[in-house]
Every structure is written in structure tokens, then in C-alpha cells.
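Chain by chain, the residues run as shown.
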Amino acid sequence: MHSGVLLPEGAWVGDARALAVAEAMGAKFPFVEVDELKKILECYFARALAPAVVVSRDVGVIRYLVDALFASGGVHRLPAMNPEEYKMMRSLYDPRDVPNLREDILALGGGKGGPFVA
């Protein structure tokens, strides 16, 4: 079944990590469209998708995908965060120890060392 996602067609040559993660997801979750996920992950690893957002009501799917991406190598993982409590960036009025996404990304190299998953 095609999900309606617009992706390039034809032969796809690229990062083996995308194939490994997509096939692992397809084996664990039969409803996952492996070919479509592989192409999305190819763009993710090539840094053509910034950011790539995956939405699911199944926490297990997201957790498995984040773990698989992190295990594939070259990907930084940020800890699970509650977007209602975790700030995107600290304001001038916030104490210096307030956790925020911007400073966490900068602490991991600012995106220069590889893609991120959270």
C-alpha cells in the first residue's frame, strides 16, 4: 500500500544504514513501508531532511526507530523530552541551568558531528 508520500523513484544507491534500519523496522512492525522509510532515511543520513519528523501514536515504533538510528552509528541521540517542559532555547530571564534543546545540540557539536534523534 502506498502512503502518498512524495519520494524519488527508481534505483536508490546510498547509505547502507538506511537499508538496515528500514528492514529492521519492517521486520518488527509489518505495517511499515520499508521502501518509503529507506528513502526517507537516505535523505536523513545525507542531511537533506533537516529536521526529519516521524509521527506515530505508537510509542514503541518511535522508541524502536530512535534506538535503531542511534545504533546504526554516526547519529547523536538526545534524551527523551517532554515538549511541554523542555525549552527550545533559554531566554535571557531563565537561570543558566535550565535545560534546552539549543544548548544540548551545541554541546554535541552543533550538528557538525552527525544527525540527531530525540
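All of these numbers come straight from a predicted model, not from anything done at the bench.

**Q** How would you sum up the packing of aromatic side chains? Please name residues and give values.
**A** Geometrically, a pair of aromatic rings is defined through the distance of the ring centres and the angle of the planes. Applying the stated criterion across every chain yields a total of 3 aromatic pairs. An aromatic cluster of at least three residues, connected via ring pairs, comprises Phe 29, Phe 31 and Tyr 64. Taking NZ or CZ as reference, Arg 17 lies 4.0 Å from the ring centre of Phe 45, over its face.

**Q** I'd like a description of the nonpolar core, backed by residues and values.
**A** If you look at soluble globular proteins, the nonpolar side chains tend to sit buried side by side. Val 21, Met 25, Leu 37, Leu 41, Phe 45 and Leu 69 are the most contacted members of the largest nonpolar core, which has 15 residues in total. Listing elements by their share of this core, those giving two or more residues are helix 1 (16–28), helix 2 (34–45) and helix 3 (59–71).

**Q** How would you sum up helix 3? Please name residues and give values.
**A** The first and last C-alpha atoms of helix 3 sit 18 Å apart over 13 residues, in line with the 18 Å expected at 1.5 Å per residue. Burial in helix 3 covers these residues: Val 61, Leu 65, Val 66, Ala 68 and Leu 69. Down the axis, helix 3 shows its buried residues gathered within 165° of arc, on one side only. Looking at helix 3, the residues exposed on the side facing more than 90 degrees away from the buried face are Val 59, Arg 63 and Ala 71. Positive backbone phi, at 95°, marks Gly 73, one or two positions downstream of helix 3.

About the thresholds
- Residues numbered from 1 in each chain as written.
- Predicted model: local features only at pLDDT ≥ 70, side-chain atom pairs only at ≥ 80, totals over all residues.
- Heavy atoms only, no water.
- Phe/Tyr/Trp six-rings, centres within 6.5 Å; stacked < 30°, edge-to-face > 60°.
- Lys NZ or Arg CZ within 6 Å of the ring centre and 35° of its normal.
- Core = buried A, V, L, I, M, F, W, Y, C linked by side-chain atoms within 4.5 Å.
- Buried < 20%, exposed > 50% of the residue type's maximum accessible area, 1.4 Å probe, protein only.
- Helix = DSSP H or I, 4+ residues; strand = E, 2+ residues; numbered from the N terminus.
- Expected span 1.5 Å × (residues − 1).
- Arc of directions from axis to C-beta.

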